[in-house]
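An overview of the molecular structure
What follows is the residue order along each chain.
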Amino acid sequence: MSPPANVAPLFHLDGEIRVPGDKGISHRALILGALAAGRSRVTGLAPGDDVARTASCLRACGVRMRFLGGGRVTVEGQGPDRPLRQPPGRLDCGNSGSTMRMLAGVLAGQPMTAGLDGDASLRRRPMLRVAEPLRRMGAAVRLAAGGTAPMTIEGRRPLAAITHAPEMASAQVKTAVLLAGLFADGATTVVEPVPTRDHTERLLRLCGAEVTSGGGRVTVRPGVLRALSLRVPGDISSAAFFLCLAAVRPGWRVRCPGVGLNPGRDGVLEVLRGMGAGVEVEERAAAGGAEPVGDVEVRGADLNGVRIAGPLIPRLIDELPVIATIATQAEGTTEIRDAAELRTKESDRISRLVAGLRLMGAACEPLPDGLIVEGPTILHPAAVDAAGDHRLAMAFAVAACLAVSPGVTRIAGSESVAISYPGFFEDLASLARPSG
Ligand code: S3P
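These figures come from a predicted structure and were not determined experimentally.

Glancing now at the overall build of the chain. When its secondary structure is counted, the chain shows 12 helices and 23 strands. Taking 22 Å as the expected radius of gyration for a compact globule of 436 residues, we find that the chain reaches 21 Å, a close match to that expectation. Overall, the C-alpha framework of the chain stretches about 65 × 45 × 45 Å when taken along its three principal axes. Here the chain holds 436 residues, and 60% of them are scored as buried. Taking all contacts inside the chain whose residues are at least 6 apart in sequence as the whole, residues at least 24 apart take part in 76%. Accessible area of the chain: about 15700 Å², with a carbon and sulfur share of 51%. The centroid of the 49 positive side-chain charges in the chain is displaced by 6 Å from the centroid of its 44 negative side-chain charges.

Right, let's talk about helix α11 (residues 390–402) for a bit. With 13 residues, α11 ought to run about 18 Å at 1.5 Å a step, and its terminal C-alpha atoms sit 19 Å apart, in line with that. Within α11, 13 of the 13 residues are buried, leaving the element largely enclosed by the surrounding structure. Where α11 starts, the residue carrying a side-chain oxygen 3.0 Å from the main-chain nitrogen of R391 turns out to be D389.

Another aspect to go through is the site of the ligand. All residues adjacent to the ligand are G24, R28, S98, R101, M102, S170, A171, Q172, R197, I317, D318 and K345. Taking A171, its main chain carries an N or O atom lying 3.0 Å from an oxygen atom of the ligand. D318 is positioned with one of its side-chain polar atoms (N or O) 2.7 Å from an oxygen atom of the ligand. Taken by itself the ligand offers 390 Å² of open surface, and the protein chains cover 93% of this. Of all elements in the fold, only α1 (23–35), α3 (97–108) and α5 (171–181) reach the threshold of two or more residues within the shell around the ligand. The dominant element in the shell around the ligand, judged by the number of residues it contributes, is α3, at three residues. Of the residues in the shell around the ligand, the class split is three nonpolar, four polar and five charged.

On to the nonpolar core. Ranked by internal contacts, the top residues of the largest apolar core, which has 80 residues, are L272, I308 and F424. With 11 residues, the single largest contributor to this core is α11. If we ignore the near neighbours within four places in the chain, the residues touching L272 are L243, C244, A247, A277, V279, V298 and I326. Of all hydrophobic cores here, the second largest spans 69 residues; its members include I31, L32, V51 and L225.

A few words now on the sheet that holds strand β7 (residues 113–117). Reading across from one edge, β6-β7-β9-β8 is the order of the four strands in this open sheet, with mixed pairing throughout. On the outer flanks of this sheet lie β6 (91–92) and β8 (140–144), each paired with one strand and no other.

Pairing is mixed in the open sheet, where three strands are placed in the order β1-β23-β22. Of all the strands in the sheet, just β1 (5–7) and β22 (383–385) have a single pairing partner and so form its edges. Going from strand to strand, the sheet's axes swing by 25 degrees on average, the running direction of each strand aside. Across three bridges, β22 lies against strand β23 (residues 409–412) in parallel orientation. Residue pairing for β23: D385 is matched across the bridge by A412. Of the strands in this sheet, β1, β22 and β23 touch α11, which is tilted by about 175 degrees from β23.

The next subject is the domain arrangement of the chain. The assigned domain composition of the chain is domain 1 (5–21 + 233–434) and domain 2 (23–231). Summarising the inter-unit geometry, the C-alpha centres of domain 1 and domain 2 are found 29 Å apart. Of the roughly 2300 Å² buried between domain 1 and domain 2, counting both surfaces, carbon and sulfur atoms make up 52%. Ranking the residues of domain 1 by area buried against domain 2 places A290, E346 and I419 at the top, with a combined share of 23%. The partner of E346 in a salt bridge is R125, with the nearest N and O atoms 3.8 Å apart. The tally of links between domain 1 and domain 2 comes to 13 residue pairs in polar contact (both at pLDDT 80 or more). Considered class by class, the residues forming the side of domain 1 that touches domain 2 number 12 nonpolar, eight polar and eight charged.

Another aspect to go through is the environment of M360. As for its position among the elements, M360 is in the loop between α10 (349–359) and β20 (363–367). Among the residues examined, M360 registers a relative accessible area of 1% and is labelled buried. Those residues within four positions of M360 in sequence are excluded, and the remaining contacts are I378, L379, H380, A382, V384, A399, A400 and T409.

Moving on, we get to the state of the cysteines. Inspection of the entire model under this criterion finds zero disulfides. Residue C93 stays outside any disulfide, its sulfur separated by 4.3 Å from that of C57, the closest cysteine. Judged by its relative accessible area of 0%, C93 is buried. Here C256 is not disulfide-linked; the sulfur of C244 is the nearest cysteine sulfur, at 10 Å.

Reading guide: rules and limits
- Residues numbered from 1 in each chain as written.
- Predicted model: local features only at pLDDT ≥ 70, side-chain atom pairs only at ≥ 80, totals over all residues.
- Heavy atoms only, no water.
- Helix = DSSP H or I, 4+ residues; strand = E, 2+ residues; numbered from the N terminus.
- Rg over C-alpha atoms; globule rule 2.2 N^0.38 Å.
- Buried < 20%, exposed > 50% of the residue type's maximum accessible area, 1.4 Å probe, protein only.
- Contact = heavy atoms within 4.5 Å.
- Areas by Shrake-Rupley, 256 points an atom, 1.4 Å probe, with all protein chains shown as cover.
- Lys, Arg positive; Asp, Glu negative; His and termini not counted.
- Charge placed at Lys NZ, Arg CZ, Asp CG, Glu CD.
- Expected span 1.5 Å × (residues − 1).
- Polar contact = N/O pair within 3.5 Å; in protein donor to acceptor, adjacent residues only side chain to side chain.
- Near = heavy atom within 4 Å.
- Nonpolar A, V, L, I, M, F, W, Y, C, P; charged D, E, K, R; others polar.
- Core = buried A, V, L, I, M, F, W, Y, C linked by side-chain atoms within 4.5 Å.
- Pairing = 2+ DSSP bridges.
- Axes fitted to C-alpha atoms, helices over the stretch in contact; angles between N-to-C directions.
- Domains from an automatic or database assignment.
- Buried area = accessible area lost by both parts, 1.4 Å probe.
- Salt bridge = Lys/Arg side-chain N within 4 Å of Asp/Glu carboxyl O.
- Disulfide = S-S within 2.5 Å.

The following block contains the structure:
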């Protein structure tokens, strides 16, 4: 295991960071490319371990891919008549919930039996939410006691078309059901309690699938997908660490060009504005066609606390750790509610985040479905544990930058940044300027 990262306080911030490609869009592009007829071409693919897992699982199912360097990849699609090949062993999804849940939807529609497994963190995450609708569609899905991985899926074709109305908003579950719907005997519908990111719908349309959405319902019909040509935009969830950091101090500024601005993902920008930061977005032509893209610049200010709850939550679920981190520097109370999902991410992000921030001097309280942060407080360097969770490692790095006393914050589990953003610490270091 690599040694903990040491992060020193930052004295000034003024720069530009081009973040790596969007993780969620990258998973979906590989999967749809694998199912489509013909050769798909994707550029800007996310470099982290999670997307590499989706690629290796698809390869184990017989899909041919060529990685050409610099995030360029070609995928030879199986097309409508060639199902995936039975993998030689269990598919190892590593730490990636997206890989496991999305592939479960694909495997449900393949006439074979396949197993999906992952690391200790992934084995703790709830999988019944995908197993249940896929079973109703006719796949035999077995889980470990407790509704977790390992998962075994005995697929079939055609599946039965269903209408699925999950209690909780989840783009991964929606994606699994829509992907299975490609192999169903009619129209499959997901009714969402709250809208979530619509990357899957956009990419399916780009592939020529018949997808209709509106009024909280998304419907897909089976059909042949055509190959993709896609440029993946920068990942707003990765940019969020720098955007939030720059927001905290008047005079600080950061610009992240080419970031994906899916309306189901841009809640962090709304929150930064609500906290008082300057946020400017210059929209760019949607390269590759599927997703809105823009250059985002944030200017720091004296921030105020905010309340974050309700339908905003799915639009910033992955950004909540870093938002809570900068809330320690905001005047007043920040309250995050309706976010119990944070407890079932790569770690229990509520208790782990509160534990780490408190060690650094923050005033925060865990809640069953969120947390309360009182600010402003002075943060001090400390030894914290990211619990192998990439987003906590990066949130603690932001906290470390905001500490005021000399010394470094030691972040155990910091190697987990490789899940979504392998170059994170190098990019952060590139922004650091020694104090004058
Ligand atoms: C994702 C959806 C969200 C998010 C995850 C990526 C996706 O999870 O937290 O990091 O790409 O669809 P849920 O679907 O479980 O809410």
